[in-house]
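Residue-level structure breakdown
This is what each chain is made of:
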Amino acid sequence: MSTASMIERADDSAAVLVEQVQDALSQRRPLAIRGGDSKAFLGRMVDGEPLDMRAHIGIVSYDPTELVVTARAGTTLVDLVAALDAHEQMLPFEPPRFDGVATLGGSIASGLSGPRRPWAGSARDFVLGTRVITGHGKHLRFGGEVMKNVAGYDLSRLMAGSFGCLGIITEVSLKVLPKPRLCRSLRLEMPADRALLKLSEWGQQPLPISGACHDGSALCLRLEGGEGSVLAACDRLGGEPQQASLWDDLREQRLDFFRDPRPLWRLSVPLATPSLAVPGEQFIDWGGAQRWLKSDMSEADLRRIVTEVGGHAICYTAGHAASPFHPLPTGLMRYHRQLKAALDPQGIFNPGRQYAEV
Amino acid sequence: MNILYDERVDGELPRADKAILLAELRQRIPDLKLLHSAEDLRPYECDGLSAYRTTPMLVALPERLEQVATLLKVCHAQKIPVVPRGAGTGLSGGALPLEQGVLLVMAKFNRILEINPQGRFARVQPGVRNLAISQAAAPHELYYAPDPSSQIACSIGGNVAENAGGVHCLKYGLTVHNLLKVEILTVEGERLTLGSDALDSPGFDLLALFTGSEGMLGVVTEVTVKLLPKPQVAKVLLAAFDSVEKAGAAVADIIAAGIVPGGLEMMDNLSIRAAEDFIHAGYPVDAEAILLCELDGVEADVHDDCERVRHVLEKAGATEVRLARDEVERAKFWAGRKNAFPAVGRISPDYYCMDGTIPKRQLPAVLRGIKDFSDEYGLRVANVFHAGDGNMHPLILFDANAPGELERAEELGAKILELCVAVGGSITGEHGVGREKINSMCVQFNADELTVFHAVKAAFDPSGLLNPGKNIPTLHRCAEFGGMHVHAGKLPFPELERF
Ligand SMILES: Cc1cc2nc3c(=O)[nH]c(=O)nc-3n(C[C@H](O)[C@H](O)[C@H](O)COP(=O)(O)OP(=O)(O)OC[C@H]3O[C@@H](n4cnc5c(N)ncnc54)[C@H](O)[C@@H]3O)c2cc1C
């Protein structure tokens, strides 16, 4: 199971981390939890003492026939993916690796998912269990290493996307899947409006689509599955072959589109939302459900437009928006505060990273 | 230890005045249907865990959201516990009423509000039956994936509250993976929207937290589920084995071959025979174990995968591998499995269904353990198993009329769950904790973990009036349970005082 390199790169520093948290608790000193720091651009600044997770590394267990891997939070995605590669398995939600420095803990805490998300599921969908250092300085285990587990509240999935505000994730168990047998990418020249209509039509059919984006001039599709289904879909959909590296570049935000100097916004909208008439450049991902936007338009106007279609907007450019995450309705915010107070009563974990109130 | 609400260890409940409550409810919600005579209350004494019954103080059957909101506000003001209930098919006593509480039945909320094929979602009221969603989506060639065996009866609200699974969850996920949004009312009657019509929403993932929370954090009043395109074809292979070990190893081999079947189920000899007697599915009754492996998707892929799986099964030592010839035979193969519970019900006066999960590699060891317990307690156990995702349903056969047998069955069940925890699994994969497994929670979680659960509960329901006593045991209960239940000289809750 574990290769030599994995053992070399394993180090359990949980005890040290727990001590640091207990110290911080006794002095009521906020902590800024940090993995590879690759997502520093996302969210609000945290005024706290850095807590570095990168010494807590290694794959704790991985049995390919169980489709489950457990690793410490500081493990880089690159190392984790390499271990899965060796068994022809993958993290289906395709989290960005950001120059190789993104850690497992940071990826789960921020809940980022790549191009396959609408078809395979999100980061939180693949979380089976976590170990967490709590706001009472205890190192606890929630969920587990089994596919199905409904004992107690689902705190491990709650941790996904909570940006470290509810506790320190020290270990994560994830469901993994075999890689598809065949993968083909296509490029079909057509305007965005038509692409969105086509995606909505194809979405209702059993096609093996696992990636769908529109770069302004063409719809690019990724097809994954068995030989039969992928080749038949290629025949049916036509178009030109497209290099598969597109999906990596999209996931890592390395495409030319992302070089535009204007602020970057991520708009999350319902699947069948038509083109959004907003100033700036757009790049459609997730089969229409995620729209990247480079625009100087005002935060308020943008939020109003996305809210009207049932979506929300997050600013991906550090320091640009007053509140990078979409503001919450008052009632919901109250329960966020109460949950934060319940799990982190002294407010020491990444205070304000997501919202000033939590 | 009895699982009925016990104020001594589960916490004191407020004393309710039924007359005052009735008067205020009648005045504030004149058109709300209320049941309060002994005769009318009887059908609501239990859910699917029928060995345990409590008569609720009264039953409310609202039909409109405002009725639910006002009912919750009135109960909150008068400090009256409220137990939500959907269709009452739950197997863990999650909807078991309280003598001093109102049973809030959501079954009348049974309207499908919207089927949206372009957006691939369905928006429904919580009392809509699971199967009704797929039926309503069928004209668009879409369906709702999670398919609990109780799908003709159970409600989607109950599915959300239990995070229900089905035979297809290895490939298509549990309820939590197939939800976009739920509307809830808090214990105070405040409306909240969790999730959204988009694939994600800002803030903490309260949708995930609420899924599987057993009606403890809020009342589900509307559910938006994802719809999927129907697979073009589905084929099913039936493989017979002369030992459960070989069948278990074959499951791992299928996964190792890079195949994720739509469904992968195992049955042992006792369940095979019971199902065959009942359904005549064509099962090989001499086999020690059978596997049902369903492959679904696009025709060409399914064909190739069937060949691959057949090869794997043969290599793993299957004594026979059969591909269902047509839809009729496929439906028959599944009917045997889906009716395994009632089939076992026919060979024994009563049965008790367990729901533990384990890492798949532990299957042979756990089955041996179950066999030993079965001998020790003198009760037969039939094993039905969602093999693909390690979720076991041992069915303990007993006779409730024979003195002491129910207690023995429960003890045996608790032993099996402890074994699941010991091998790295969980006491419940999909049926929930409810009241049934309240003591077993003390085995799976330590006092600090339980304390965190209580804190989460308090963040949404500080007065503890929503479904009290379910899902999370008090530390007192665990201390008492631990005292009776010392493992190898180690107390699970050494820090707590004993009663
Ligand atoms: C023969 C049989 C087979 C089964 N097979 C499966 C299976 O394959 N997979 C599986 O997962 N389960 C299975 N079950 C269990 C059961 O059907 C599920 O747990 C189902 O989700 C319960 O739904 P319900 O509407 O009957 O809920 P109920 O039993 O009425 O309630 C269950 C829980 O949900 C809460 N609740 C109900 N409605 C609401 C609401 N609107 N808001 C808040 N809380 C609510 C209740 O308080 C309770 O805690 C089976 C049961 C039977 C009898």
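Bear in mind the structure is a predicted one, so any value in this text is a computation, not a measurement.

Looking only at helices and strands, one finds twelve helices and 17 strands in chain A. Overall, the C-alpha framework of chain A stretches about 60 × 50 × 35 Å when taken along its three principal axes. The buried share of chain A, taken over its 358 residues, is 62%. Partitioning the contacts of chain A with sequence separation of at least 6, the portion at a separation of at least 24 is 67%. Of the roughly 13,300 Å² of accessible surface on chain A, 50% is carried by carbon and sulfur atoms. Charged side chains of chain A number 39 positive and 41 negative; the gap between the two group centres comes to 4 Å.

The next thing to look at is the interface of chain B and chain A. You'll often see interface size given as the accessible area lost when the parts meet. Facing 88 residues of chain B, the contacting portion of chain A comprises 71 residues. Approximately 6,400 Å² of surface area, both sides summed, lies buried where chain B meets chain A, with 60% of it carried by carbon and sulfur atoms. Linking chain B with chain A are seven salt bridges, by the criterion used here. Between Glu 66 of chain A and Arg 361 of chain B there is a salt bridge, and its shortest N-O distance comes to 3.4 Å.

The predicted model of chain A has a mean per-residue pLDDT of 96, with 98% of residues at 70 or higher. A low-confidence stretch, residues 1-7 of chain A stays under pLDDT 50, and its non-local contacts, those more than four residues away or across chains, total six contacts.

Residue and element names in this part refer to chain B. Tallied over the full model, the rule gives one disulfide over all chains. There is no disulfide at Cys 353, and the cysteine sulfur nearest it, in Cys 420, is 12 Å away. Look at Cys 353 and you get buried, because its relative accessible area is 9%.

Our next topic: a negative patch on the surface. A grouping of Asp 372, Glu 376, Glu 407 and Glu 411 of chain B is seen on the molecular surface, where their side chains present a negatively charged patch. Among the secondary structure elements, Glu 411 of chain B is positioned in helix H15 (residues 405-422).

All names here are of chain A. As assigned here, chain A comprises domain 1 (3-178) and domain 2 (182-315). Tallying the contact residues gives 14 residues for domain 1 and 15 residues for domain 2. Of the roughly 1,200 Å² buried between domain 1 and domain 2 on both sides combined, carbon and sulfur atoms contribute 57%. If you sort the residues of domain 1 by the area they bury against domain 2, Pro 115, Arg 116 and Trp 119 come out on top, with a joint share of 43%. Remark: the boundary between domain 1 and domain 2 carries two salt bridges. Across the pair Glu 224 and Arg 116 runs a salt bridge, and its minimum N-O distance is 3.0 Å. Here domain 1 and domain 2 share five residue pairs in polar contact (both at pLDDT 80 or more) between them. When grouped by side-chain class, the residues that make up the side of domain 1 that touches domain 2 number seven nonpolar, two polar and five charged.

Attention shifts here to the packing of helix H9 (residues 244-256) of chain B against helix H11 (residues 299-315) of chain B. Residues and elements named next belong to chain B. Running from N to C, H9 and H11 cross one another at 145°; their axes reach a closest spacing of 9 Å. When the axes of H9 and H11 are compared, the crossing they make is right-handed. Contacts between H9 and H11 involve Ala 250, Asp 253 and Ile 254 on the former and, on the latter, Val 309, Val 312 and Leu 313. Partitioning the contact of H9 with H11 into residue classes produces five nonpolar, no polar and one charged.

A few words on the packing of helix H2 (residues 18-28) of chain B against helix H4 (residues 65-77) of chain B. All names here are of chain B. Running from N to C, H2 and H4 point in directions that differ by 150°, and their axes come no closer than 11 Å. Regarding the angle of H2 to H4, the classification is roughly antiparallel. Here H2 runs over H4; the crossing is right-handed. Contact with H2, carried on its side by Leu 21, Glu 24, Leu 25 and Arg 28, involves Thr 70, Leu 71, Val 74 and Cys 75 of H4 and no other residues of that element. Residue classes in the contact of H2 with H4 are distributed as five nonpolar, one polar and two charged.

In the structure shown here, the tally under the stated rule is 16 aromatic pairs over all chains. On the basis of an interplanar angle of 80° and a centroid distance of 5.0 Å, the ring pair of Trp 292 of chain A and Tyr 316 of chain A is categorised as edge-to-face. Within this pair, whereas Trp 292 of chain A is found in strand E16 (residues 290-294), its partner Tyr 316 of chain A is found in the loop between strand E17 (312-315) and helix H12 (330-343), the two being separated by 24 residues in sequence. For the pair Trp 292 of chain A and Tyr 316 of chain A, a shared accessibility class is recorded, and that class is buried. Geometrically, the ring pair formed by Phe 210 of chain B and Phe 460 of chain B is edge-to-face, given 5.1 Å between the ring centres and 85° between the ring planes. Of this pair, Phe 210 of chain B sits in helix H8 (residues 206-210) while Phe 460 of chain B sits in helix H17 (residues 447-460); the two residues are 250 residues apart in sequence, bridging distant segments of the chain. Of the two residues, Phe 210 of chain B and Phe 460 of chain B, neither departs from the other in class, the shared state being buried. Here the aromatic cluster, defined as three or more aromatic residues joined through ring pairs, consists of Phe 41, Phe 98, Phe 257, Phe 258, Phe 283, Trp 292 and Tyr 316 of chain A. In this arrangement the basic side chain of Arg 117 of chain A is found over the ring face of Trp 286 of chain A, its NZ or CZ atom lying 5.7 Å from the centre.

Calculation notes
Residues numbered from 1 in each chain as written. Chains lettered and ligands numbered in written order. Predicted model: local features only at pLDDT ≥ 70, side-chain atom pairs only at ≥ 80, totals over all residues. Heavy atoms only, no water. Helix = DSSP H or I, 4+ residues; strand = E, 2+ residues; numbered from the N terminus. Buried < 20%, exposed > 50% of the residue type's maximum accessible area, 1.4 Å probe, protein only. Contact = heavy atoms within 4.5 Å. Areas by Shrake-Rupley, 256 points an atom, 1.4 Å probe, with all protein chains shown as cover. Lys, Arg positive; Asp, Glu negative; His and termini not counted. Charge placed at Lys NZ, Arg CZ, Asp CG, Glu CD. Buried area = accessible area lost by both parts, 1.4 Å probe. Salt bridge = Lys/Arg side-chain N within 4 Å of Asp/Glu carboxyl O. pLDDT = per-residue confidence, 0-100. Disulfide = S-S within 2.5 Å. Patch = residues over 30% accessible without salt bridge, like charges linked within 9 Å, V, L, I, M, F, W, Y side chains within 5 Å. Domains from an automatic or database assignment. Polar contact = N/O pair within 3.5 Å; in protein donor to acceptor, adjacent residues only side chain to side chain. Nonpolar A, V, L, I, M, F, W, Y, C, P; charged D, E, K, R; others polar. Axes fitted to C-alpha atoms, helices over the stretch in contact; angles between N-to-C directions. Left-handed = near helix turned anticlockwise from the far one by under 90°. Parallel < 35°, antiparallel > 145°, perpendicular 65-115°, else oblique. Phe/Tyr/Trp six-rings, centres within 6.5 Å; stacked < 30°, edge-to-face > 60°. Lys NZ or Arg CZ within 6 Å of the ring centre and 35° of its normal.

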